[in-house]
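Below, each chain spelled out in residue letters.
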Amino acid sequence: MATIKERFKAKADDLSAEIKEILKKHGTRTIGEVQLSQVYQGMRGITGLVTETSLLDAQEGIRFRGYSIPELQEKLPKAPGGTEPLPEGLFYLMLLGELPEVRDAEEVTSAWQRRSHVPNYVFDAIEALPKSSHPMTQFVVAIMALQTESIFARKYAQGMSKKDYWDAVYDDSMNLIARLPRVAAYIYRRKYKDEKHIQPDGLLDWSGNFAHMLGFEDESFKELMRLYMTIHADHEGGNVSAHTTHLVGSALSDPYLSFAAGMNGLAGPLHGLANQEVIKWIFDLREELGVALPSKEQIEEYVKKTLGEGKVVPGYGHAVLRKTDPRFSAQMEFGKKHMPDDPLVNIVWRVYDVVPEVLKSLGKVKNPWPNVDAHSGALLVHYGLVEYEFYTVLFGVSRALGVLASLCWDRALGLPIERPKSITTASVKDWLEGKGEIWGD
Ligand code: CMX
């Protein structure tokens, strides 16, 4: 029986050959046109990247290798007695493009268990930061400290051949994913739990062990972690964290450097940090109104106040999606099943009843519907994980699965350094006046 690495290599060789053939026959075909407004407005809608692991449809939401989130919940292997998918299975699916059997997910679990040792100097690097540092800052510093372990960097320095890049990236990616829960849990227990650290449980799956090291033994919290780690893993290639990891990796920066760069992007409030902003916004709303469950009218007033202060409503809107995010819906289903009467969860649902209409009335918001971040915090608070500044770290641990599986593909397919063309407004004005072309080298 071939190892996951050997199976990946065989698949990558097949796809490389196929892509060569496609480009030979169709490489000059035009995929779309670029308007001047798109160049100025965040490259929205410009197709310019290949990401094999997942594809986002504006109406339907994300599909991982063709499978929607409800399909993953049905088809991916589960932990014994559990109903939520194991992210190990999703990683396997993203990497190999095939649904895993139970034994395949188990193989990933045991590979990550074997690779999970975090050297002490990584904890020392975290300890060198003040405890008040944001958890994402501590997380990125820890990833950078781990970089000294990079097999890719070491082998590159020794003169590795191009054809072996994928192999070193695969090992670095597997090691990094295996170590992230320990690093993240260390940051959490250091900052919020009097430095009372919890040793890993080598018998648990990746998310179950993560929950355990964070200090949560409730089985339904472990189920939430499995779902959370699955749905946050990947959202095709153009979002800031995925695109940054891919871009930095294209310079042959190793997976640690590339992933740390992606995490700096995830730490922005318009991207992953929105999950902490949502719960902060709801806590502020509750405090200002002085009620446990505000009415729809009260919420509407508060939303209008937020907008009036020139702020965004966190957790709503998306650059690509034009419907309720299925990742929001999956969390809503989890809430209905495990905590239908939780007051905070009920606020999230009430906000969902109110915000889209208010945002629509502005006439400029392209997507008034909730994204993944609108729901996650309330579920975590239910189990006692109330320290919302930590939420983006959870998102980051999950995001590693998608962006690092993609990085393996990038190197296996030999994708080149990324270097789109930029222009100046002066050159645009010349072009508009017919004084020549603005593009070209
Ligand atoms: N509240 C208020 N205004 C919003 C808004 C929101 N939730 N979403 C969009 N808008 C505004 C934009 O700020 C923009 O206003 P200006 O023209 O005055 O600059 C206008 O509506 C048009 O924006 P858009 O084309 O609809 O949205 P973008 O593609 O530019 O941005 C996003 C997408 C997600 C950054 C934006 O919707 C937003 O800021 N949402 C709140 C933050 C958030 O939840 N981010 C998490 C996204 C998911 C993730 O990555 O984790």
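Residues numbered from 1 in each chain as written. Predicted model: local features only at pLDDT ≥ 70, side-chain atom pairs only at ≥ 80, totals over all residues. Heavy atoms only, no water.

(A) The overall build of the protein chain, seen in detail. Summing up its helical and strand segments, the protein chain has 20 helices and 2 strands in all. For the protein chain, whose C-alpha radius of gyration is 22 Å, the value lies close to the compact-globule estimate of 22 Å for 441 residues. C-alpha atoms of the protein chain, sized along the principal axes, occupy 65 × 65 × 45 Å. When burial is assessed residue by residue, the protein chain has 50% of its 441 residues classed as buried. Taking the intrachain contacts of the protein chain between residues at least 6 apart in sequence as the baseline, contacts between residues at least 24 apart amount to 74%. Of the roughly 20200 Å² that the protein chain leaves accessible, carbon and sulfur atoms contribute 53%. The centroid of the 51 positive side-chain charges in the protein chain is displaced by 3 Å from the centroid of its 59 negative side-chain charges. (Helix = DSSP H or I, 4+ residues; strand = E, 2+ residues; numbered from the N terminus. Rg over C-alpha atoms; globule rule 2.2 N^0.38 Å. Buried < 20%, exposed > 50% of the residue type's maximum accessible area, 1.4 Å probe, protein only. Contact = heavy atoms within 4.5 Å. Areas by Shrake-Rupley, 256 points an atom, 1.4 Å probe, with all protein chains shown as cover. Lys, Arg positive; Asp, Glu negative; His and termini not counted. Charge placed at Lys NZ, Arg CZ, Asp CG, Glu CD.)

(B) Structural detail: the pattern of salt bridges. Considering all chains together, one arrives at 30 salt bridges under this definition. Two residues, Glu127 and Arg190, come together in a salt bridge whose shortest N-O distance is 3.3 Å. Residue Glu127 is found in helix α6 (residues 120-127), and its partner Arg190 is found in helix α9 (residues 165-192); the two are separated by 63 residues along the sequence. When its relative accessible area of 4% is taken as the criterion, Arg190 is described as buried. Close ionic contact of Glu433 with Lys435 constitutes a salt bridge, the shortest N to O distance being 3.0 Å. Residues Glu433 and Lys435 agree in their burial class; the two are exposed. (Salt bridge = Lys/Arg side-chain N within 4 Å of Asp/Glu carboxyl O.)

(C) Molecular detail of the environment of Leu359. When you line up the elements, Leu359 lands in helix α17 (residues 343-362). Overall, Leu359 belongs to the buried group, its relative accessible area being 5%. In this structure, the C-alpha to C-alpha distance between Leu359 and Val303, residues 56 residues apart in sequence, is 9.1 Å. Aside from chain neighbours lying at most four places away, what touches Leu359 is Leu307, Val313, Tyr316, Val365 and Pro368.

(D) A look at a nonpolar patch on the surface. A surface patch of nonpolar side chains, about 280 Å² in accessible area, is lined by Val34, Val39 and Tyr40. Within the fold, Val39 resides in helix α2 (residues 36-40). Given the relative accessible area of 40%, Val39 is considered partly exposed. (Patch = residues over 30% accessible without salt bridge, like charges linked within 9 Å, V, L, I, M, F, W, Y side chains within 5 Å.)

(E) Summary view of the site of the ligand. The ligand sits among 20 residues. The nearest are His271, Gly315, Tyr316, Lys364 and Asp373. Lys364 is positioned with one of its side-chain polar atoms (N or O) 2.8 Å from an oxygen atom of the ligand. In this structure, Asp373 approaches the ligand through a side-chain N or O atom, which is 2.6 Å from an oxygen atom. In isolation the ligand has 890 Å² of accessible area, and contact with the protein removes 76% of it. (Near = heavy atom within 4 Å. Polar contact = N/O pair within 3.5 Å; in protein donor to acceptor, adjacent residues only side chain to side chain.)

(F) Focus on the pairing of strand β1 (residues 54-57). The two faces of β1 differ: Ser54 and Leu56 on one face are buried, but Leu55 and Asp57 on the other face are not. In the sheet, β1 pairs with strand β2 (residues 61-64) via 4 bridges, with the strands oriented antiparallel. Looking across to β2, one finds that Ser54 is bridged to Phe64. The hairpin turn running from β1 into β2, its antiparallel successor, is 3 residues long. (Pairing = 2+ DSSP bridges.)

(G) Quick peek at unusual backbone geometry. Even without glycine at this site, Arg65 takes up a positive phi of about 45°. Relative to the elements of secondary structure, Arg65 occurs in the loop between β2 and α3 (69-75). Located in the positive-phi region is Leu252, a residue other than glycine, with phi close to 65°. Residue classification places Leu252 among the partly exposed residues on the basis of a relative accessible area of 27%.

(H) A look at the nonpolar core. Of all hydrophobic cores here, the largest spans 118 residues; its most connected members are Phe139, Phe259, Leu385 and Leu394. For this core, the element with the most residues is α9, which contributes 16 residues. Residues contacting Phe259, with those up to four places away along its chain left out, are Phe139, Ile143, Leu176, Leu180, Thr245, Gly396, Arg399, Ala400, Val403 and Leu404. (Core = buried A, V, L, I, M, F, W, Y, C linked by side-chain atoms within 4.5 Å.)

Take it as geometry only, folks, not as evidence of what the structure does.
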